[in-house]
Amino acid sequence: SSGVVEGCLYSDIYKHTEDYGNSLIYHQCQGFFGNLQSMEIDSQSNICYATIGTSSIPDSVFLMISYDNFENLEFQNIFNITEEFIGTLTRGFYSGELYSLGGIPTALRYSSDYGQTWELKNTFSCPNLPITGIVGGRQPGELYMNVEYKQLMCTIQHTYIYHSLDYGESFEVFHVFSCGDEPFYANFTATP
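Quantities reported herein were computed from a predicted structural model and do not represent experimental measurements.

Now for the sheet that holds strand 7 (residues 74-80). What the four strands build is an open sheet, ordered 4-5-6-7; its pairing is antiparallel. With partners counted over all chains shown, the strands left at the sheet margins are strand 4 (35-41) and strand 7, one partner each. Mean inter-strand twist for the sheet, computed between neighbouring axes without regard to direction, equals 20°. In terms of strand pairing, strand 6 (residues 57-66) meets strand 7 through six bridges, oriented antiparallel. Paired with Met64 across the two strands is Phe75, which belongs to strand 7.

If you want it as structure tokens, here you go:
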């Protein structure tokens, strides 16, 4: 994940660099437990997020926040995965904005208060919609999703970019790469 100042990159919650990778700064990660599922860096320096799962509480996902580059993490929110699934995280344009993508059907959620409350923005019910990446943009409400179809031993490959300017409520779809026939599950709307 990229930081918000020049040269700052995070490889995970355990370390980051401020000089394009020439040296690493290791983090204490006090308060971390379980298995890391997703991490993100806020648009304001030093604020970081992590979602954590644990086998001792398999129906819950814990959202942790750090105000000091993952030196210390504290609980921000706890989610029951059967009621509100919080998955892959990405930051928004403003500090405190987060998007989350995950669940079945795949749900896009948005938070503007550092993950305290979440709003459902969109649900993707297309069968087998292979969303392989999500990232916030460089203007308010902007969001990108990468969708890649690879079928029949990669003889069919198609890449689509979903672009939103309204916090993920609607998308413009760009078909940026194609190889082979149309993918079998490229219907972008579910049939009733």
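We are not done yet, so read on.
Take the environment of Phe33 next. Secondary-structure assignment places Phe33 in the loop between strand 3 (25-26) and strand 4. In this structure Phe33 comes out as partly exposed when scored by relative accessible area, which is 27%. Considering only alpha carbons, one finds Phe33 and Thr51, 18 residues apart in sequence, at a separation of 10 Å. Apart from the residues lying within four places of it in its own chain, the contact partners of Phe33 are Ile52, Thr54, Phe62, Met64 and Phe75.

What follows covers the nonpolar core. Membership of the largest hydrophobic core comes to 15 residues, with the highest contact counts inside it found for Leu108, Phe124 and Met145. When residues of this core are traced back to their parent elements, those giving at least two are strand 9 (98-102), strand 10 (106-111), strand 12 (131-136), strand 13 (143-151) and strand 14 (156-164). Looking at this core, the element that brings in the most residues is strand 13, giving four residues. Setting aside chain neighbours within four positions, we find Met145 in contact with Leu101, Phe124, Ile131, Gly133, Ile134, Tyr160, Ile161, Tyr162 and Phe171. Among the nonpolar cores identified, the runner-up in size contains 13 residues, and Tyr10, Cys29, Met39 and Leu73 belong to it.

Together, Phe174, Val176 and Phe177 make up a nonpolar patch on the protein surface, roughly 270 Å² of accessible area in all. Examined against the element boundaries, Val176 turns out to sit in strand 15 (residues 172-179). When its relative accessible area of 51% is taken as the criterion, Val176 is described as exposed.

Okay, the sheet that holds strand 3 next. Taken together, the three strands give an open sheet; going across it, the order is 1-2-3, and neighbouring strands pair in antiparallel fashion. Edge positions in the sheet fall to strand 1 (9-12) and strand 3, since each of these pairs with one other strand and no more.

What counts, and at which threshold
Residues numbered from 1 in each chain as written. Predicted model: local features only at pLDDT ≥ 70, side-chain atom pairs only at ≥ 80, totals over all residues. Heavy atoms only, no water. Pairing = 2+ DSSP bridges. Helix = DSSP H or I, 4+ residues; strand = E, 2+ residues; numbered from the N terminus. Axes fitted to C-alpha atoms, helices over the stretch in contact; angles between N-to-C directions. Buried < 20%, exposed > 50% of the residue type's maximum accessible area, 1.4 Å probe, protein only. Contact = heavy atoms within 4.5 Å. Core = buried A, V, L, I, M, F, W, Y, C linked by side-chain atoms within 4.5 Å. Patch = residues over 30% accessible without salt bridge, like charges linked within 9 Å, V, L, I, M, F, W, Y side chains within 5 Å. Areas by Shrake-Rupley, 256 points an atom, 1.4 Å probe, with all protein chains shown as cover. Salt bridge = Lys/Arg side-chain N within 4 Å of Asp/Glu carboxyl O.

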